[in-house]
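Structural overview
Below, each chain spelled out in residue letters.
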Amino acid sequence: MEHIRLPKVENVRLLDRVSPRRSRVGTLYLTATHSIFVESEAGGRSETWVLHSLVCSVDKQAASASGCPLLIRCKNFQILHFSIPREQDCQDVHLSLQRLSQPQRYEELYCFSYKPNVDEEERRRDWAFVDLKADFSRMGLPNAQWKLSPVNQQYKVSDTYPAELFVPDSAAPPVLVGSSKFRSRGRFPALSYYSKENHAAICRSSQPLSGFSARCLEDEQMLEAILRSNPRSDFMYVVDTRPKLNAIANRAAGKGYENEDNYSNIKFQFMGIENIHVMRNSQQKMLEVCELRSPSMSDFLEGLESSGWLKHIKAVLDTGVFIAKAVAEGISVLVHCSDGWDRTAQVCSVACVLLDPYYRTLKGLMVLIEKDWVSFGHKFTQRCNHLAGDPKEVSPIVDQFLECVWQLMEQFPCAFEYNENLLITVHSHIYSCQFGNFIGNNQRERRELRVHEKTHSLWSYLWTNRAEFINPLYRQNHSQSQGLLRPSTAPYCFKFWRGLYNRFDRGMHPRQSVEDYLRVIREETQQLEEQLDSHKQKIAELKQEQGWSDAHRAAAFDQSSTARALGKNLALANTPQDYTGSLLASTPGAADGPLVLAPQDPDQTADPNLSNGSDPESGIADVSCRSPLSEDSARDPDPDPDSDEAAYSAA
Amino acid sequence: MEFSDHIKTANVEDVVLRQPLHPPSRGTLCITGHHLLFSDREEGSSRQILLLLRNIDAIEKRTPGSSGTITIKCKDLRVLQLDIPGMEQCLNIAHSIETLSCLDNVSEMYPFFYRPNDLSLREQWGLSTPEKHYTQIKELHKKWRLSSVNKTYSVCPSYPPVVIVPNSIDDETLKKVAKFRQGGRFPVLCYYHRKNGMVIMRSSQPLTGANKKRCKEDELLLQVVIEDSDKGFIIDTRSSQQVQQARMTGGGFESKSCYSRWKRLHKQMERGKALQESLIKLVEACGDESHNVDRWLSKLENSKWLSHVQTALSAAGLLVECVERDGHSALVHGYEGTDCTLLICTLAQLIMDPTCRTLEGFLALLDREWLQAGHPFQQRCAHSAYSHARLQQESPIFLLLLDCVWQLWRQFPLALGFSEALLLRLANEVYASDYGTFLCNNDQERCALEVKDRTHCLFQALLRLPERDYYSNPLYEPNELAIWPSVHPQSLQLWRGFFLRWTQQARHLEAVQEEIRSMVIEWHRVTQR
């Protein structure tokens, strides 16, 4: 509370980035957890809610006659452009938001105050929803070759590793400890994925501390143990995901990579994925391109090229493909980068998606993220900038993983049980700090913060709302869904992900959704078939009892016209676009923000959930416990399709 | 000259065929006057490939030893390779393909020989005529009439014999107007917007020339069109510099002083050779998988193809804004009025008029706006992206249309009554076809060769079952509203179904369309029971 210098500013304008005419006037409220913009225009009482934890940067620009501009960029790629009448107010909002969006302590994070209407027992059960042990037992573990090791139970061997790890049965604790001493941050080789069909495994670690010539007997034994746990193969790959030059540079610091001569039967391979700094700058450049106001096709493509973003995505996917192919051929792989929590997490999880259809199901993706990202210590707090910290530690590593999955979904539209919306929602919540899953940098920190006792889990929330996240085209038995996915990584396969990076520019997205349509007809088909079955059953019963009854012959099926209505409603969202280039902009469909709680549709403003805590001046406490379930409620069709002024008049 | 004169070797055994997405196969190759036929002799397989020679855009032959290899690059972007035993046979085959794939004489082309059992030449030809179009729009009759001024094609060789013109303009006046417009293409009606009574007309450029010649009949014609309104818009598909330059070569534009109530809007569009080169560059970029991502994006950008898509859609959007949103009539032209003009008029109608968005409506639209309106298909589509021949009049303007329509379909997947498969089929047929539909450059030429009596009509064939089902969009929902496309670079995509058609990628996407179709069929089955 003490950080809010000004709880309320009136006559604030929310500018539309593309079309200035569509800006709206209203009141801006600052609460402990959200900024809320309430449009003052009678009738369309729309609200835009922005979580402080999603705010990436707040920039105050030079004041003009019309007010003082304040630009808020969010981690989910929403951009809000406010104009505040008084400069002093703008200054206060600016300072407040800067502080509110950069918490100093974990306790300030939203997840510790977020209290949805869930009782304690349910909350605890929710945390058990994703169970990594169950996933390993799905893989057939433990077995004769692989066992669960208690060596890191107290996080003493590696403080960034999980307490429970699968290691080769033949690797005794001294070998593990010895190996860990020869690896950055003690991150010794541990199992990430095991193929029960052919016994090949993906293991992961950090780089060895080999310097120019150092050796470690235990580390060599460790790799030998991994190799021997796959009896059918006489060699294994060691994949260093870094560019060779980076790895060599590390040798000077006493780190480096495995010398093939010292390890028996390994094949060593560099992969050339760039480091976190390169990725951060690349995404920044790409986002600048996304922000251009009226780019020409050439501006856009040149910008996209020079950002290098898709090149990096390809590097990650290429590496995933390499690992997956090796495992599919029965060869085990040890993967590492420098610390083994960024690139290693990316490529192990991408390889898992390619290898195992389970990770292409809704539950499977949750398990995968929990396994290769959360438990193996991807540093979410630092990479996502949850707390005010070193900007050089921030990097969109997990964004790249989600994008790789999206690129695969684009190639294999029937192979994934989940849809793009799931990836976008997961992305949003990785940054939102609303759930405890991505708090802290590793398991040890989460235990210390008692995350499982004090916060809620994202996974069960997603599962409860799974209807929104299911791909209606998914067929478990479709040829695309079977076994190993073999994507093409030809350069033309990599597309710009408009759905994520331009998510809030509604005018850019298709105006009708095939997916929504298919979902409706699929549900309807299922319902009708169930009805039909039950009718058949009844008829059979009746026949037995008394023969045919006319009433049943005429049994009217509820031919809901939902799908038809859907098609028409969606079309209402049409409005003319900007056809004259930069002369005069006019784009419709002002998108309301992320985590917009109040539906824009005036019909829905009577929602009890809203009236309940909708006095934003005093309702701070209520506000903080509302969940942004209706994230995409702003997808309502624009009721006024022709409200734009002629865009060609200046031509 | 007989076809057989060009065929020295008609059959070769033991030929190996390599083609995308299939393992190589061994069999017999056969060349006929119009086809290349390959039959697989592999055990348990009886695959046959029948390729129209007209579909072949370029061939490359290599004869390293006693055998030879011919690489065949097709106008549908497929690349095949034939390994032929015997150098002489290889050279003979290559020679036959080279000659027979680019016959100049239209009446020797395959549509004149195509005689399937289930089709009769007496069946109806085409889907739309100006008379039919006129009859369908009752609202038009008060102010517009059908004119037969061009019944002998003497006023405008590239127009059909009958056109729709303002009631108050008589045929003598039209003849004078025609003299003032390039190629005689005087302004005619192409679209009537029922919602507000506004129209779209199209023409070629006025021949004002360097000394600013005027034609009062032309001014009158345009004047009467907007009698009841305060202004009309002329959408010129050239830049204002280009129209000034056009005057030096006898062309020009409608000046403010002579056409005071018409406001000119310039929307520069690429055409001709530049567009053909754009296609060539894009196809080249798509064909090389060894590029890295940077190189690919740079080649994609450099081809400018997507920029042309963006420009075409925004020009059409601009036209629709004039007519639908602001309630003004419009005249569209560039130079000849046979290319970009037709492109944006067609797109505008698709955006505005729901009747054009059904399968039949779309084909009728193409019939009116491209065939009858005199798009010179024969010149524009003689060669495609692979040809080594010196470019003459080739330009993929129709392909650009299909791409733009595909973008509309992506943005409004429920609003169009036809499928992507139809667009792909048309993209094939326009370059090489069994049917006579896309032969010749205009109605006059088709009439002279009796195309309508001696060949079959593609559009009719597409509307017969089972084709009709295959080319329909299972998700189609009629929709009265205009479908305004987004022209943001982020909203436009490479048409993978066409440009990457022979990759595994495209196969996956086809499988999705099948999946969607079967879901909808299943849904219909249960709801209708």
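What you see is a predicted model, and the numbers here were worked out from it, not measured in a lab.

1. Re the domain arrangement of chain B
Residues and elements named next belong to chain B. For chain B, the assigned domains read domain 1 (3-103) and domain 2 (130-380 + 396-494). Inter-centroid distance (C-alpha atoms) of domain 1 to domain 2 is 38 Å. Across the interface of domain 1 and domain 2, roughly 480 Å² is buried in total on both sides, 69% from carbon and sulfur atoms. Here domain 1 and domain 2 share zero salt bridges between them. Connecting domain 1 to domain 2 are zero residue pairs in polar contact (both at pLDDT 80 or more). Here the residues of the side of domain 1 that touches domain 2 sort into two nonpolar, one polar and three charged.

2. Digging into the environment of Met222 of chain A
Residues and elements named next belong to chain A. As for its placement among the helices and strands, Met222 is situated in helix H5 (residues 217-228). Looking at Met222, the relative accessible area reads 0%, which means it is buried. Along the backbone, Met222 and Phe182 are 40 residues apart, and their C-alpha atoms lie at a distance of 11 Å. Beyond its immediate chain neighbours, meaning those up to four positions away, Met222 contacts Pro168, Ala171, Val175, Leu176, Ser179 and Pro189.

3. Considering the UniProt feature "domain: Myotubularin phosphatase" (unreviewed entry) in chain A
According to UniProt, the feature "domain: Myotubularin phosphatase" (unreviewed entry) maps to residues 126-501 of chain A in the numbering used here. Within the segment residues 126-501 of chain A, helix and strand shares are 44% and 9% respectively, and the terminal C-alpha atoms sit 31 Å apart.

4. Description of the domain arrangement of chain A
Residues and elements named next belong to chain A. Here chain A is partitioned into domain 1 (8-102) and domain 2 (128-507). For domain 1 and domain 2, the distance between their C-alpha centroids amounts to 36 Å. Contact with domain 1, which involves 13 residues of that partner, is made by 23 residues of domain 2. With both chains or domains summed, domain 1 and domain 2 bury close to 1,500 Å², and 52% of this area falls on carbon and sulfur atoms. Considering only the surface of domain 1 that becomes buried against domain 2, Arg17, Lys75 and Phe77 emerge as the three largest contributors, covering 48% of it. Put simply, domain 1 and domain 2 have one salt bridge between them. At the surface where domain 1 touches domain 2, the tally comes to four residue pairs in polar contact (both at pLDDT 80 or more). Residue classes in the side of domain 1 that touches domain 2 are distributed as six nonpolar, four polar and three charged.

5. So, the pairing of strand E13 (residues 262-266) of chain B
Residues and elements named next belong to chain B. Two elements, strand E12 (residues 232-236) and E13, share five bridges in a ladder whose sense is parallel. Across the sheet, Gly232 pairs through a bridge with Trp262, a residue of E13. At this point the chain moves from E12, through helix H5 (residues 240-248), to the parallel E13, and the crossover so formed is right-handed.

6. Brief notes about unusual backbone geometry
That bond from Leu141 of chain A to Pro142 of chain A is cis: its omega, -5°, falls within 30 degrees of zero. Geometrically, the link from Leu465 of chain B to Pro466 of chain B is a cis peptide bond, its omega value of 0° lying close to zero. Inspection of the secondary structure assignment puts Pro466 of chain B in the loop between helix H16 (458-462) and helix H17 (467-470). Its identity is not glycine, yet Lys304 of chain B carries a phi of approximately 65°, on the positive side.

7. Points about the interface of chain B and chain A
Taken residue by residue, the interface counts 71 residues in chain B and 73 residues in chain A. Buried surface at the junction of chain B and chain A, summed over both partners, amounts to about 6,400 Å²; 62% is from carbon and sulfur atoms. Interface area lost by chain B to chain A is led by Gln490, Met519 and Trp523 of chain B, which between them contribute 12%. For the pair chain B and chain A, the number of links is three salt bridges. Residues Glu515 of chain B and Arg475 of chain A are paired through a salt bridge, measuring 3.0 Å at the closest nitrogen-oxygen approach. At the junction of chain B with chain A, the criterion picks out 19 residue pairs in polar contact (both at pLDDT 80 or more). Counting only elements with at least two residues in the side of chain B that touches chain A, the list comes to E13, helix H7 (293-303), helix H8 (305-325), helix H12 (397-411) and helix H19 (504-527) of chain B. Grouping the amino acids of the side of chain B that touches chain A by side-chain chemistry returns 34 nonpolar, 21 polar and 16 charged.

About the criteria used
- Residues numbered from 1 in each chain as written.
- Chains lettered and ligands numbered in written order.
- Predicted model: local features only at pLDDT ≥ 70, side-chain atom pairs only at ≥ 80, totals over all residues.
- Heavy atoms only, no water.
- Domains from an automatic or database assignment.
- Buried area = accessible area lost by both parts, 1.4 Å probe.
- Salt bridge = Lys/Arg side-chain N within 4 Å of Asp/Glu carboxyl O.
- Polar contact = N/O pair within 3.5 Å; in protein donor to acceptor, adjacent residues only side chain to side chain.
- Nonpolar A, V, L, I, M, F, W, Y, C, P; charged D, E, K, R; others polar.
- Helix = DSSP H or I, 4+ residues; strand = E, 2+ residues; numbered from the N terminus.
- Buried < 20%, exposed > 50% of the residue type's maximum accessible area, 1.4 Å probe, protein only.
- Contact = heavy atoms within 4.5 Å.
- UniProt positions renumbered as here; feature names shortened; annotations may be inferred.
- Pairing = 2+ DSSP bridges.
- Right-handed = clockwise from strand over helix to strand, strands pointing away.

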